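Inside the fold
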Amino acid sequence: MKQLKFVKRGYSCLAIIFIILGGILLIWPKTTLEFICKIIGIVFLICGILKILGYFSKDVFQLAFQFDLGLGIVTIIVGLVMIFRTGHLVEVVSASIGIFILVDAALKIQTAVDAKRFGIERWWIILIISLVVTVVGILLIVMPWKTTELVTRLIGINLCFDGFLNLWVVQKTVKIIRRFEE
């Protein structure tokens, strides 16, 4: 029974953390993305410094660290970019994803046209979905920061719902188990 209570509390705490994290992403999407990028940048910076220190260590063969000077320098540069140019980095990633989505959507439009030519009845469903995906791709390219905030908010909403769902399920499931034990 003690283990069951511990698990219930653990799951409940995890669900509440999901709800809080989702709320943070929902309320402050831009700040949250910048914060996450800066944390990753700091980790890269530390990793780069450790790699350079490893290269200059007194290892006899220098095989394990032979590429760590160059890799350490690149890792430090990437870390600094992530720390000091966060907004631009997020925009580049968003625009890159937008280009990929746009190319894929254009190919699916071609697939829809070919499907019509082959006489497939529901070719128009492929066309409609492809056009919607095309619009999303264009938005990611034209307005990368705004769409990134929207995506972050959607992730926040999903985390909140998932947290509420997990909390409700664990509360109801444990009560049912307790009834069976009595």
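Residues numbered from 1 in each chain as written. Predicted model: local features only at pLDDT ≥ 70, side-chain atom pairs only at ≥ 80, totals over all residues. Heavy atoms only, no water.

Some points on the overall build of the protein chain
- The helix and strand tally for the protein chain stands at 6 helices and 0 strands.
- Within the protein chain, the proportion of its 182 residues that are buried is 25%.
- Taking all contacts inside the protein chain whose residues are at least 6 apart in sequence as the whole, residues at least 24 apart take part in 77%.
- As displayed, the protein chain offers around 13000 Å² of accessible surface, 76% of which is attributable to carbon and sulfur atoms. (Helix = DSSP H or I, 4+ residues; strand = E, 2+ residues; numbered from the N terminus. Buried < 20%, exposed > 50% of the residue type's maximum accessible area, 1.4 Å probe, protein only. Contact = heavy atoms within 4.5 Å. Areas by Shrake-Rupley, 256 points an atom, 1.4 Å probe, with all protein chains shown as cover.)

Quick word on the packing of helix H4 (residues 86-117) against helix H5 (residues 123-142)
- Between H4 and H5, whose axes approach to 8 Å, the crossing angle comes to 160°. When the axes of H4 and H5 are compared, the pair comes out roughly antiparallel. Helix-helix and strand crossings are classified by hand; for H4 and H5 the assignment is left-handed.
- Split by residue class, the contact of H4 with H5 holds 17 nonpolar, 5 polar and 2 charged. (Axes fitted to C-alpha atoms, helices over the stretch in contact; angles between N-to-C directions. Parallel < 35°, antiparallel > 145°, perpendicular 65-115°, else oblique. Left-handed = near helix turned anticlockwise from the far one by under 90°. Nonpolar A, V, L, I, M, F, W, Y, C, P; charged D, E, K, R; others polar.)

Focus on H5
- Look at H5: 29 Å from first C-alpha to last across 20 residues, which is about the 28 Å you get at 1.5 Å a residue.
- For H5, the complete set of buried residues consists of Ser130, Thr134, Gly137 and Leu140. Looking straight down H5, one finds that the buried residues subtend no more than 125° of arc, so they occupy a single side. For H5, the exposed residues lying more than 90 degrees away from the buried face are Ile129, Val132 and Val142. (Expected span 1.5 Å × (residues − 1). Arc of directions from axis to C-beta.)

A word on the confidence of the model for the protein chain
- For the protein chain, per-residue confidence averages 83 on the pLDDT scale, and 89% of positions sit at 70 or higher.
- Mean pLDDT values for the elements of the protein chain range from 74 in helix H6 (residues 144-181) up to 92 in helix H3 (residues 68-84). (pLDDT = per-residue confidence, 0-100.)

Considerations on the pattern of salt bridges
- Applying the stated criterion across every chain yields a total of 3 salt bridges.
- For Lys51, the salt bridge goes to Asp68, with nearest N and O atoms at 3.8 Å. Taken together, the residues Lys51 in helix H2 (residues 29-55) and Asp68 in helix H3 connect sequence positions 17 residues apart.
- Judged by its relative accessible area of 10%, Asp68 is buried. (Salt bridge = Lys/Arg side-chain N within 4 Å of Asp/Glu carboxyl O.)

Here we look at the packing of H2 against H4
- Contact pair H2 / H4: the axes reach a minimum separation of 9 Å and the direction vectors enclose 100°. When the interaxial angle is binned, H2 and H4 end up roughly perpendicular. In contact with Leu33, Glu34, Cys37 and Lys38 of H2, H4 contributes Thr86, Leu89 and Val90.
- Residues that form the contact of H2 with H4 fall into these classes: 4 nonpolar, 1 polar and 2 charged.

Re the environment of Met143
- One can find Met143 in the loop between H5 and H6.
- Residues Met143 and Ser94 lie 49 residues apart in sequence; the distance between their C-alpha atoms is 8.8 Å.

Observations regarding the side chain of Thr134
- Counting through the fold element by element, Thr134 comes out in helix H5.
- Those residues in contact with Thr134, other than ones at most four positions away along the chain, are Leu102, Ala105 and Ile109.

Quick notes on the environment of Cys13
- Topologically, Cys13 is positioned in helix H1 (residues 2-27).
- With 154 residues separating them along the chain, Cys13 and Leu167 place their C-alpha atoms 8.4 Å apart.

A word on the side chain of Thr86
- The topology assignment puts Thr86 in helix H4.
- Among the polar contacts listed, one links the side chain of Thr86 to the backbone oxygen of Met82, at a separation of 2.6 Å.
- In terms of polar contacts, Thr86 uses its side chain to reach the backbone carbonyl oxygen of Ile83, at 3.4 Å. (Polar contact = N/O pair within 3.5 Å; in protein donor to acceptor, adjacent residues only side chain to side chain.)

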